[in-house]
Amino acid sequence: MSKVRTRFAPSPTGFMHLGGLRTALYAYLYAKANGGDFILRVEDTDQQRYVEGAVELIYSSLLESGLKYDEGPDIGGNYGPYIQSERKHIYGEYAKKLVELGGAYYCFCSKERLESLTDENGNRKYDKHCLKLSKEEVERRIASGEPYVIRQNIPTEGTSSYEDLIYGRIDVDYKELEDNVLIKSDGMPTYNFANVIDDHLMGITHVIRGTEYLSSTPKYNLMYDAFGWERPVYIHLPTIMKDATRKLSKRYGDANFDDFVSKGYLKEAIINYVALLGWAPKDNSEKMTLTEMVEKFSLDGISKSPSIFDEVKLRWLNGEYVKALTDEEFYDIARPFLEKSKVNGVFDLKKIAKLLHSRVDVLGEIPEKIDWLAELTPYDLALFDNKKNKTSADVARDLLPKIKETILAIDEFENDKIFATLSEKAGEFGVKSGAIFWVLRIAITGQSVTPGGATELAALIGKDETVKRIDYSLSLLG
RNA sequence: GGCCCCUUGGUCAAGCGGUCAAGACAUCGCCCUUUCACGGCGGUAACACGAGUUCGAUUCUCGUAGGGGUCACCA
């Protein structure tokens, strides 16, 4: 059997969408799991939708997520060029050939005529009007400069079938298909044509793409057959949904790789999570490196039904990746987020990072977790309520002055010392030490969940600030 | 609407004729830490429905319902 070759063929229309990223990932995994090559091809035949810089974004997203392609526009290969707009002449040639083979024909119909074909349901199906044109008339009209397109000639009856590796046998009646445009009036091919020509010319053995092509694949097979080419193996992938009824789409703006990266998700975690949407390895592993995914990848683990994107689980996975980092690594990647916080320039960021490390799932939430450190503002006194430690606002009102006094007496204001000193006072104060820490923590932070224990935080903000905040809390308590 | 496809807990998902129907996230509870978190342990929770086939269906077939996809000079 020939070497497996898969491809990822995005359009440069904007950011790298997570759905697209998953398609790329599976194409990559399938190729690598089978010792094959993974190719990148840019499908930029629609000049209207072209977005400046999008091509570069495709390169960088793929690079960052580790999906290293063996051939592509920026790295070359033996089957180039890998950008469709640079292959325009190739399509024209093959289109002409397909016309000769009877698989396509020239069409001169006006937009108005096409629109008049719309039925009561708003659907439109081309009526093969120009198929009847004589060869002479076609040549004459082309020579006179009349604009034209080339349409695929689809049989009016019969059924086409093929075997999809995920969905099994797919049957579609030809009468459901339309004579789509293959070459547009500007000379550019449509996806319908270019994908077939390129996949064949580039030696693609396995076509991996979304289910939106499941029922139009017979059209492509018709062309492979007409040219006498071997049809590729098809692997269609289920959609990723935003919720039960809505597709995860660019329109919602929150489904781009870059968005998640800037929100503080690690690239490895994003790829890992996306891999799990629609695929489960035999051993049910969840946290996996790309290399492990290659080792475990197999098509029978891919599901047929759409799956809903769950950011909550992504958060968890991301947290796993974050915790696996060393403190130094964490500080490095957390730094931009720490610097965005209000505590930047006030407290030692490295110390804060250490406290934060085991308490952060997504880096983007760092500022909100520590902004309060810069300044204590009014908070809900109900935070003092804690049943386990038997604390309340009343208890706090009574305890805080004693705690303050104790703290004032501490010379070396560092965590261990503060902790030990306050612990010893529990008996004297007539409460559990847990109560002291709970009350102190709330009094100096005003937060229910904090990046560190009471004494760690006290040490971080310093003795003066700690005392100042205790006074402030006492004033709130009245 | 026509056609194609899909249907296991709130979510991701194991399962591929006989299971007390895995696991993960989330949720709830307990424990640990004489401080927050981390961590550990446990609970709640699912085969869309109806007919078949079969000794036996989550698993096979058909239908119903629900959902998705598609019907462009977009990919």
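Residues numbered from 1 in each chain as written. Chains lettered and ligands numbered in written order. Predicted model: local features only at pLDDT ≥ 70, side-chain atom pairs only at ≥ 80, totals over all residues. Heavy atoms only, no water.

Colleague: A description of the overall build of chain A should follow, citing residues and the corresponding values.
Modeller: A tally of helices and strands in chain A yields 19 helices and 11 strands. For chain A, whose C-alpha radius of gyration is 32 Å, the value lies well above the compact-globule estimate of 23 Å for 478 residues. Here chain A holds 478 residues, and the buried ones make up 49% of them. Partitioning the intrachain contacts of chain A with sequence separation of at least 6 by distance along the chain shows that 73% fall at a separation of at least 24. Per element, the accessible surface of chain A, about 22,600 Å² overall, is 49% carbon and sulfur. Charged side chains in chain A number 63 positive and 75 negative. The centres of these two groups are separated by 2 Å. (Helix = DSSP H or I, 4+ residues; strand = E, 2+ residues; numbered from the N terminus. Rg over C-alpha atoms; globule rule 2.2 N^0.38 Å. Buried < 20%, exposed > 50% of the residue type's maximum accessible area, 1.4 Å probe, protein only. Contact = heavy atoms within 4.5 Å. Areas by Shrake-Rupley, 256 points an atom, 1.4 Å probe, with all protein chains shown as cover. Lys, Arg positive; Asp, Glu negative; His and termini not counted. Charge placed at Lys NZ, Arg CZ, Asp CG, Glu CD.)

Colleague: How would you sum up the protein's contact with RNA strand B? Please name residues and give values.
Modeller: Contacts to RNA strand B come from 63 residues, most closely from Lys184, Gly278, Glu286, Arg359 and Ala454. When atoms of RNA strand B within 4 Å of the protein are split into backbone and base, the sugar-phosphate part holds 70%. Note that a sugar or linking oxygen of RNA strand B is positioned 3.3 Å from one of the side-chain N or O atoms of Glu176. Side-chain polar atom of Ser433 to a base oxygen of RNA strand B: 2.7 Å apart, as the coordinates give it. If you list the elements that add at least two residues to the surface near RNA strand B, you get strand 6 (168–173), strand 11 (307–308), helix 11 (311–323), helix 17 (433–445) and helix 18 (454–461). Per element, the largest residue contribution to the surface near RNA strand B is five residues, and it comes from helix 17. (Near = heavy atom within 4 Å. Polar contact = N/O pair within 3.5 Å; in protein donor to acceptor, adjacent residues only side chain to side chain.)

Colleague: Now, about the pattern of salt bridges: what can you tell me, with residues and values included?
Modeller: Counted according to the given criterion, the structure contains 32 salt bridges. Two residues, Arg49 and Asp46, come together in a salt bridge whose shortest N-O distance is 3.5 Å. For Asp46, a relative accessible area of 28% gives the class partly exposed. Residues Glu311 and Lys263 are paired through a salt bridge, measuring 3.2 Å at the closest nitrogen-oxygen approach. Here Glu311, found in helix 11, pairs with Lys263, found in the loop between helix 8 (257–262) and helix 9 (267–276); they are 48 residues apart in sequence, far enough to count as distant. The exposure class of Glu311 is partly exposed, given its relative accessible area of 28%. Among the charged side chains, a salt-bridge network with shared partners connects Arg7, Arg41, Glu43, Arg87, Asp198 and Asp199. (Salt bridge = Lys/Arg side-chain N within 4 Å of Asp/Glu carboxyl O.)

Colleague: Report on the confidence of the model for chain A, specifying residues and quantitative values.
Modeller: Within chain A, residue pLDDT values average 93, and 98% of them lie at 70 or more. Here the complex is predicted with pTM 0.94, and the ipTM for its interfaces comes to 0.95. (pLDDT = per-residue confidence, 0-100.)

Colleague: Break down the sheet that holds strand 7 (residues 181–183) for me, with residues and values.
Modeller: Sheet architecture is open: three strands sit in the order 3-4-7, paired in antiparallel fashion. In this open sheet, the two strands that pair with only one neighbour each are strand 3 (104–107) and strand 7. Within the sheet, the average angular offset between the axes of one strand and its neighbour, ignoring direction, is 45°. For strand 4 (residues 149–152) and strand 7, the ladder comprises two bridges, and the chain directions are antiparallel. What sits directly across from Arg151, in strand 7, is Val181. Running over the sheet, helix 3 (residues 88–100) touches strand 3, strand 4 and strand 7 and is turned about 105° from strand 3. (Pairing = 2+ DSSP bridges. Axes fitted to C-alpha atoms, helices over the stretch in contact; angles between N-to-C directions.)

Colleague: Can you tell me about the nonpolar core, naming the residues and giving the values?
Modeller: If you look at the biggest cluster of nonpolar residues, it comprises 149 residues, and the most contacted ones within it are Leu62, Phe193, Leu338, Ile366 and Ile403. The contacts of Ile403, once residues within four sequence positions are left out, are Leu422, Phe429, Ile436, Val439, Leu440 and Ile470. (Core = buried A, V, L, I, M, F, W, Y, C linked by side-chain atoms within 4.5 Å.)

Colleague: Describe the packing of helix 17 against helix 19 (residues 463–477), naming the residues involved and giving the relevant values.
Modeller: At their nearest, the axes of helix 17 and helix 19 sit 8 Å apart, and the two run at 90° to each other. The orientation of helix 17 with respect to helix 19, classified from their angle, is roughly perpendicular. Seen from helix 17, the contacting residues are Leu440, Ala443 and Ile444; seen from helix 19, they are Thr466, Arg469, Ile470 and Ser473. When the residues that make up the contact of helix 17 with helix 19 are grouped by side-chain class, the tally is four nonpolar, two polar and one charged. (Parallel < 35°, antiparallel > 145°, perpendicular 65-115°, else oblique. Nonpolar A, V, L, I, M, F, W, Y, C, P; charged D, E, K, R; others polar.)

Colleague: Let's hear about the pairing of strand 5 (residues 159–164): which residues, and what values?
Modeller: The alternating pattern of strand 5 places Ser160, Tyr162 and Asp164 on a buried face and Thr159, Ser161 and Glu163 on a face that is not buried. As paired elements, strand 5 and strand 6 share six bridges and run antiparallel to each other. Following the sheet pairing, Thr159 is matched in strand 6 by Asp173. Count of turn residues in the strand 5/strand 6 antiparallel hairpin: three residues.

Colleague: Residues and numbers for the packing of aromatic side chains, please.
Modeller: Under the criterion given, the structure shown has 17 aromatic pairs. Ring centres of Tyr106 and Tyr148 lie 5.2 Å apart, and the angle between their planes is 65°; on these two criteria the pair is classed as edge-to-face. Within this pair, whereas Tyr106 is found in strand 3, its partner Tyr148 is found in the loop between helix 5 (135–143) and strand 4, the two being separated by 42 residues in sequence. On the accessibility criterion, Tyr148 (29% relative accessible area) is partly exposed. Judged by centre distance (4.9 Å) and plane angle (5°), the ring pair of Phe419 and Phe437 falls under stacked. (Phe/Tyr/Trp six-rings, centres within 6.5 Å; stacked < 30°, edge-to-face > 60°.)

Colleague: Please give an account of a negative patch on the surface that cites residues and values.
Modeller: Among the surface-exposed residues, Asp411, Glu412, Glu414 and Asp416 lie close enough to one another that they form a single negatively charged patch. The residue Asp411 is located in the loop between helix 15 (393–408) and helix 16 (415–429) in this model. The exposed category is assigned to Asp411, whose relative accessible area is 70%. (Patch = residues over 30% accessible without salt bridge, like charges linked within 9 Å, V, L, I, M, F, W, Y side chains within 5 Å.)

Colleague: Summarise the side chain of Asn180; cite the residues concerned and give the values.
Modeller: Its location among the elements puts Asn180 in the loop between strand 6 and strand 7. Owing to a relative accessible area of 15%, Asn180 belongs among the buried residues under this scheme. With residues near it in sequence (within four places) discarded, Asn180 still touches Ile150, Arg151, Gln152, Asn192 and Lys219.

Colleague: Tell me about the side chain of Asn192, and name the residues and values.
Modeller: As for its position among the elements, Asn192 is in helix 6 (residues 191–201). Within the local environment of Asn192, its side chain forms a polar contact with the side chain of Tyr220, the two groups lying 2.9 Å apart.

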